[in-house]
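Here's the letter readout for the chains.
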Amino acid sequence: MLALLLNRRTEEAQIPPVYMVLLPHLLNPEVWSNPVNLPSVMHLLMVYMRVNSGELAKEDYLIKILTIFQRLVFSKSFDENGMRLVNAFIDYGQREHVDMYLDDILRVVFKRQQESQTYKFSRMFVILICHMVVRFGAVATLARIENIQNGLFGNIVEKLFIAKAYTFRRSEDAMIFIYSVLQMLYCCAEFKINGVYSKYTVDLLQVVHASFHKHTEIIFVSTDGVHNAIDADMVNNVLYHGDVIQFHIPGTENFAKLYTHAIGQMLRDAALKDAVEGFLSRLDVQERELLRMMSLR
């Protein structure tokens, strides 16, 4: 109920004093040690970040939140809660704060992935990278991960994006995954002809295509009431807001059009055309012609 009431406020609103009084108690480690509390407390804390993340930079609240994230992420039972918490920080945190702590967050996630890899955590790791793409763009995200270790992004793409056939539990995860991969392919020279990661392009397109058809509930996503344009490089008016990611192309109203439009844009890009043709050749004749016809409209 508290999260619902706070969530009704605009992003420009201040967190009411009564909620700020409650915040130190929410960050008490004992609260997070009780599994019964986790879903509701995590959701409320994510709403705090959405309403006014700047307030959380005061009184070391942000450090405490990231400490909670680190504690949760090393628990196989609660790692998903930790990853969703840090995704909210990436989405809503003030840019300077996210920049300050993102490398530390990535080190924690890489450490957990190396020490105790599971299908569920690998899926959440991929979604975290996708949130980075939404917030910072594909080029900046790739560069940031490559700065940790040269070739690391390619290893992640091969071992996590391509090797595992993810089924996402939440529709918004499927959408952000598809959108982010399309952004990577369209915006990053590394995935284009003669690029260092061009060998992955066709496989990534196939992964996106499989995810698109696996999650049929996202094909006709309404775009009503969405705001905050984030990226015009691939399509006009790609829109993202909070817990739900939705898309709009002028003159269309569904996610399917974004997907097919992106394929069409890539077919027109000389540096991607061969890879897209290679991907299309793997489809059956009917599906290939339908996708080609829709994408070139």
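Residues numbered from 1 in each chain as written. Predicted model: local features only at pLDDT ≥ 70, side-chain atom pairs only at ≥ 80, totals over all residues. Heavy atoms only, no water.

In the annotation of an unreviewed UniProt entry, the entry for the protein chain reads Exportin-2, and the organism field reads Trichinella pseudospiralis.

**What about the overall build of the protein chain?**
Where we set the bar: Strands here are runs of E lasting at least two residues and helices are runs of H or I lasting at least four, both read from the DSSP assignment and numbered beginning at the N terminus. Computed by Shrake-Rupley with a 1.4 Å probe, the accessible areas treat only the displayed protein chains as cover when residues are assessed.
Each helix and strand in the protein chain was counted, giving 15 helices and three strands. Summed over all atoms, the accessible surface of the protein chain reaches about 13600 Å², with 52% contributed by carbon and sulfur.

**Section: the environment of Gln94**
We apply this condition: Only protein chains enter the area calculation, which uses a 1.4 Å probe; residues under 20% of their type maximum are buried, those over 50% are exposed, and those in between are partly exposed.
Note on placement: Gln94 falls in the loop between α6 (79-92) and α7 (95-115). The exposure class assigned to Gln94 is partly exposed, which follows from its relative accessible area of 31%. Sequence separation of Gln94 and Met49 is 45 residues, and the distance between their C-alpha atoms is 9.5 Å.

**Quick word on the layout of surface pockets**
Our working rule: Only protein atoms enter the 1 Å grid, on which a cavity is a set of points fitting a 1.4 Å probe that cannot get out and a pocket is an open set with protein on both sides within 12 Å along at least 5 of 7 lines, lining residues being those with an atom within 4 Å of a point. Grid points are joined across faces, edges and corners, and a volume is the space filled by probe spheres set on the points. Note that domain bounds follow an automatic or database assignment of domains.
Reported here for the second largest pocket is a volume of approximately 230 Å³. Lining the second largest pocket are 13 residues, with Phe110, Gln113, Leu152, Asn155 and Ile156 sitting closest to its centre. Among the secondary structure elements, those contributing two or more residues to the lining of the second largest pocket are α7 and α10 (152-162). Per-domain counts for the lining of the second largest pocket show at least three residues from each of domain 1 (1-115) and domain 2 (117-296).

**Quick look at unusual backbone geometry**
With a phi angle near 70°, Asn194 is a residue other than glycine that sits in the positive phi range. Along the chain, Asn194 falls in the loop between α11 (171-187) and α12 (201-214). Judged by relative accessible area, which is 75%, Asn194 ranks as exposed.

**Some thoughts on α10**
Our working rule: Only heavy atoms enter the contact rule, under which two residues are in contact if any of them lie within 4.5 Å.
Looking at α10, one finds that the buried residues are Leu152, Phe153, Gly154, Ile156, Val157, Leu160 and Phe161. Lining the buried residues of α10 we find α7, α8 (119-136), α9 (138-148), α11 and α12.

**Some details on the pattern of salt bridges**
Condition: What makes a salt bridge here is a side-chain nitrogen of Lys or Arg within 4 Å of a carboxyl oxygen of Asp or Glu, nothing more.
Counted according to the given criterion, the structure contains 15 salt bridges. For Glu80, the salt bridge is made with Arg84, and the minimal N-O distance between the two is 3.3 Å. One end of the pair is Glu80 and the other is Arg84, both in helix α6 and four residues apart, which spans about a single turn. Of the two residues, Glu80 and Arg84, neither departs from the other in class, the shared state being buried. A salt bridge links Arg84 to Asp173; the nearest nitrogen and oxygen atoms lie 2.7 Å apart. Of this pair, Arg84 sits in helix α6 while Asp173 sits in helix α11, placing them 89 residues apart in sequence.

**Some words on the packing of helix α5 (residues 61-73) against α6**
Defined as follows: Angles run from 0 to 180 degrees between N-to-C directions of axes, and those axes are lines fitted to C-alpha atoms, restricted for helices to the stretch in contact. Here a crossing is called left-handed whenever its near helix is offset anticlockwise from the far helix by less than a right angle, and right-handed whenever the offset is clockwise. In this count, Pro and Cys sit with the nonpolar residues alongside Ala, Val, Leu, Ile, Met, Phe, Trp and Tyr, while Asp, Glu, Lys and Arg are called charged and the others, Gly among them, polar.
At their nearest, the axes of α5 and α6 sit 7 Å apart, and the two run at 145° to each other. Our pair here, α5 against α6, has a crossing hand that is left-handed. For the pair formed by α5 and α6, the contact residues are Leu62, Ile65, Leu66, Ile68, Phe69, Leu72 and Val73 on the first element and Asp79, Asn81, Gly82, Met83, Leu85, Val86 and Phe89 on the second. The class makeup of the residues in the contact of α5 with α6 is 11 nonpolar, two polar and one charged.

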